[in-house]
Amino acid sequence: MNSALLGLVAALSWGLHDFLARFPSRAVGPIPTVFAVTLAGLIVLSVWLLFDGGGISIVWPSLWLVAVTGIFFTLATLSLFAALAVGPISIVAPIAGSYPALAMLFAVAQGARPGLWQWLAIAAVMTGVAIVSRSGRHYEASGDLERGRLKGILGLAFLAGFCFAVALTAGQAAVPIFGEVETVWLARCFGLVTIGALYLWRSAKAPLPLRWFPVLGFMGLLDVIALGTIVAAGNLPDPAFATVVSSAFGAVTVLLARIFLKEPVTPAQFGGMALIFGGVGALASV
């Protein structure tokens, strides 16, 4: 097992997860959707830990790492779902999926020294993000989006990417201290408290319809699989590769939207996505 393979598993899981997220996010709202998915994921992890028979040892001086992981991952998911609820997948997913470039910059701040090809790959990702952002204007011009909505959608997608980068960087640092499943479980607890507070504050009078429970439960399982494989890479050489490869989830999500929703994609968007995913692939191969 290597870091890149774990990243691929995460990409497939998150790709399907985010495609499905579009529907409950639009039907019942992003906050109830994230709350239900986080709760479902925590239940799955709790059952896993129960049958595994292992306990959780709290290393108090390092607990802030799992707190950062859980809180920022929840904020990233909420931002992503909010963007998907009102915006096209082909704009939101590639931008949110650009987080490996930010994660690499975080690694630089911690002392890593990328080579020339890695810097070129990061530049390609950032250029692709700029192209995809600008190409989104045709949705407003065609009337598919209300004028003025695009900036908010792009802001949410950028915020999701930033929070994902922070969460996964902190999670990989926590794994050698707490363990793989334990890190994800503790992070989920912090995440549930975060989204639970928002849910009670904003959505107390909007209970989730029962018909959405199977979809939300399945999304919770996919989310746990994806996050678990990423943080598991913290025990392998080059764990940042898992983070990088996992961002291909955007390509999976866009492909599903193209096949099942017939969502249009302009040549400029294709070009921007090629730069993003090509840059991500280059980061994984060097």
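Residues numbered from 1 in each chain as written. Predicted model: local features only at pLDDT ≥ 70, side-chain atom pairs only at ≥ 80, totals over all residues. Heavy atoms only, no water.

Q: Describe the packing of helix α5 (residues 99–109) against helix α8 (residues 149–178), listing the residues and the values that go with them.
A: Axis separation between α5 and α8 bottoms out at 8 Å; the angle between their running directions is 50 degrees. With respect to each other, α5 and α8 are oriented oblique. Where α5 crosses over α8, the handedness of that crossing is right-handed. Residues Y99, L102, A103 and F106 of α5 lie in contact with α8, whose contacting residues are G161, F162, F164, A165, V166, L168 and T169. Its residues placed into classes, the contact of α5 with α8 shows nine nonpolar, two polar and no charged. (Axes fitted to C-alpha atoms, helices over the stretch in contact; angles between N-to-C directions. Helix = DSSP H or I, 4+ residues; strand = E, 2+ residues; numbered from the N terminus. Parallel < 35°, antiparallel > 145°, perpendicular 65-115°, else oblique. Left-handed = near helix turned anticlockwise from the far one by under 90°. Contact = heavy atoms within 4.5 Å. Nonpolar A, V, L, I, M, F, W, Y, C, P; charged D, E, K, R; others polar.)

Q: Could you give an account of helix α12 (residues 249–260), naming the residues involved and the relevant values?
A: The end-to-end C-alpha distance of α12 is 16 Å, a good match for the 16 Å that twelve residues give at a rise of 1.5 Å each. Within α12, burial applies to F249, G250, T253, V254, L256 and A257. The buried side chains of α12 occupy one side of the element, clustering within an arc of 160 degrees when seen end-on. With its phi angle positive at about 55 degrees, K262 sits one or two positions after the end of α12. (Expected span 1.5 Å × (residues − 1). Buried < 20%, exposed > 50% of the residue type's maximum accessible area, 1.4 Å probe, protein only. Arc of directions from axis to C-beta.)

Q: If you had to explain the environment of R147 to someone new, which residues and values would you point to?
A: Assignment of secondary structure puts R147 in the loop between α7 (137–141) and α8. Here the alpha-carbon distance between R147 and R137, two residues ten residues apart in the chain, equals 9.1 Å. Sequence-distant contacts of R147, that is, excluding residues within four places in its chain, are made with E140 and A141.

Purely geometric numbers; function is a separate question.
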